[in-house]
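# Chains, contacts and geometry: an overview
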2 protein chains.
Amino acid sequence: MITRGETHHVDLNKNMRGGEGTIKITHFMNKEDAEGHGRLFAKIEIPVGGSIGVHDHQGEFETFYIIGGEGIIVDNGEEVKVNVGDFHKCASGSSHGVINTGSEPLVMIALIMSAQA
Amino acid sequence: MITRGETHHVDLNKNMRGGEGTIKITHFMNKEDAEGHGRLFAKIEIPVGGSIGVHDHQGEFETFYIIGGEGIIVDNGEEVKVNVGDFHKCASGSSHGVINTGSEPLVMIALIMSAQA
């Protein structure tokens, strides 16, 4: 099965989790195709100057894989610079936020899956 | 938790599944961090002229999300052109292969997760 990028559902989230700017979320795989593994499989684009505010995850974990740009991840309270190729996991019970500190969009592959039973 | 791209395990697979060239697989998340959801969370790079031969998946499914280049996916026997932004799922019991038909590396985010019980 192949689905075209232009048919993928896009969410435009303004001030997401209290952050700055408008975050673009392109859902490349829907929940049904994920066969119960999780609720989000998406490309997230944070514009220059944009951010996703700090929030936590409970009963699920989220991962980011950076594919474009650079920024800061607030990883359980600690600010860490990230670049293309870096990976981040916010485990269940942890918190995170993301800030685009660069001069181009910060682009990440994001997965939210259920925490281990 | 943050892991740096340069520390991620890289596999270089020559003639993968009977295909052409050397395929580079960068594992951004290991099986433990995936908390039982699957066995592969990786960036796959197929060089110009390279390919992954046709093979099937049983008891698991694999998805590709194209983030660079262009090519052909042999989707259960049918050749389909793919470009950046397109998504492919090879369900359990199905087969697929990939050919880079472009002039730059074909780059994909690949996930292999267990099929629904």
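Cut-off values and rules
Residues numbered from 1 in each chain as written. Chains lettered and ligands numbered in written order. Predicted model: local features only at pLDDT ≥ 70, side-chain atom pairs only at ≥ 80, totals over all residues. Heavy atoms only, no water. Helix = DSSP H or I, 4+ residues; strand = E, 2+ residues; numbered from the N terminus. Buried < 20%, exposed > 50% of the residue type's maximum accessible area, 1.4 Å probe, protein only. Contact = heavy atoms within 4.5 Å. Buried area = accessible area lost by both parts, 1.4 Å probe. Salt bridge = Lys/Arg side-chain N within 4 Å of Asp/Glu carboxyl O. Polar contact = N/O pair within 3.5 Å; in protein donor to acceptor, adjacent residues only side chain to side chain. Nonpolar A, V, L, I, M, F, W, Y, C, P; charged D, E, K, R; others polar. Pairing = 2+ DSSP bridges. pLDDT = per-residue confidence, 0-100. Axes fitted to C-alpha atoms, helices over the stretch in contact; angles between N-to-C directions.

### A closer look at the side chain of A:Thr63
Looking at the element boundaries, A:Thr63 is found in strand E6 (residues 60–68). With relative accessibility at 1%, the residue A:Thr63 sits in the buried group. Excluding its chain neighbours within four sequence positions, the residues that come into contact with A:Thr63 are A:Phe87, A:His88, A:Lys89, A:Ile109, A:Ala110, A:Leu111 and B:Met29.

### Observations concerning the interface of chain B and chain A
Contacts between chain B and chain A engage 36 residues on the former and 36 residues on the latter. In this assembly, chain B packs against chain A so that about 3,200 Å² is buried in total across both faces, 58% of it on carbon and sulfur atoms. Among the residues of chain B in contact with chain A, B:Glu35, B:Tyr65 and B:Phe87 are the three that bury the most area, contributing 22% of the side total. Linking chain B with chain A are 4 salt bridges, by the criterion used here. Between B:Lys89 and A:Glu35 there is a salt bridge; the shortest N-O distance is 2.7 Å. Counting the contacts that link chain B with chain A gives 26 residue pairs in polar contact (both at pLDDT 80 or more). Where the side of chain B that touches chain A is concerned, the elements lending two or more residues are strand E1 (2–3), strand E3 (22–29), strand E4 (38–46), strand E6 (60–68), strand E7 (71–75), strand E8 (78–82), strand E9 (87–90) and strand E11 (106–114) of chain B. Here the residues of the side of chain B that touches chain A are counted per class, giving 17 nonpolar, 11 polar and 8 charged. When strand E9 (residues 87–90) of chain A meets E1(B), the two strands line up antiparallel, connected through 2 bridges. Residue pairing for E1(B): A:His88 is matched across the bridge by B:Ile2.

### Let's talk about the environment of A:Lys24
Residue and element names in this part refer to chain A. Among the secondary structure elements, Lys 24 is positioned in strand E3 (residues 22–29). Residues Lys 24 and Ile 66, spaced 42 residues apart in sequence, show a C-alpha to C-alpha distance of 15 Å. Among residues more than four places away in sequence, those in contact with Lys 24 are Val 10, Asp 11, Leu 12, Lys 43, Ile 44 and Glu 45.

### Considering the confidence of the model for chain A
Residue-level pLDDT values for chain A average 97, and 99% of them are 70 or greater. This prediction of the complex comes with two scores: 0.97 for pTM and 0.96 for ipTM.

### Considering the pairing of strand E10 (residues 95–100) of chain A
Residues and elements named next belong to chain A. Counting buried residues in E10 gives 5 out of 6 residues, a clear majority hidden from the surface. Across 4 bridges, strand E5 (residues 51–56) lies against E10 in antiparallel orientation. For Ile 52, the partnering residue across the bridge sits in E10 and is Val 98. Relative to E10, strand E7 (residues 70–75) is paired through 5 bridges, and the arrangement is antiparallel. Residue pairing across strands places Ile 73 opposite Val 98, the latter belonging to E10.

### Digging into the pattern of salt bridges
Going through the model one piece at a time under the given rule, you end up with 8 salt bridges over all chains. For B:Asp86, the salt bridge goes to A:Arg4, with nearest N and O atoms at 2.7 Å. Here the residue B:Asp86 occupies a position in the loop between E8 and E9, and A:Arg4 occupies one in the loop between strand E1 (2–3) and strand E2 (9–14), the pair thus bridging two chains. The closest approach of N and O atoms between A:Arg39 and A:Glu60, which form a salt bridge, is 2.8 Å. Here A:Glu60 lies in strand E6 and A:Arg39 lies in strand E4 (residues 38–46), a separation of 21 residues in the sequence. Classification of A:Arg39 by relative accessible area gives partly exposed; the value is 44%. On the basis of relative accessible area, A:Glu60 is assigned to the buried category, the value being 15%.

### Considerations on the sheet that holds strand E8 (residues 78–83) of chain A
Sheets are built from strands paired through backbone hydrogen bonds, the pairs being either parallel or antiparallel. All names here are of chain A. Read across the open sheet, the 4 strands follow the order E5-E10-E7-E8; overall the sheet is antiparallel. Of all strands in the sheet, those bounded by a partner on one side alone are E5 and E8. Across the sheet, the mean angle from the axis of one strand to that of its neighbour is 20°, orientation sign disregarded.

### Section: the sheet that holds E6(B)
One open sheet accounts for 7 strands, arranged E1(A)-E9(B)-E6(B)-E11(B)-E4(B)-E3(B)-E2(B); its pairing is antiparallel. Strand pairing shows two members of the sheet lacking a second neighbour, E1 of chain A together with strand E2 (9–14) of chain B, which therefore form its edges.

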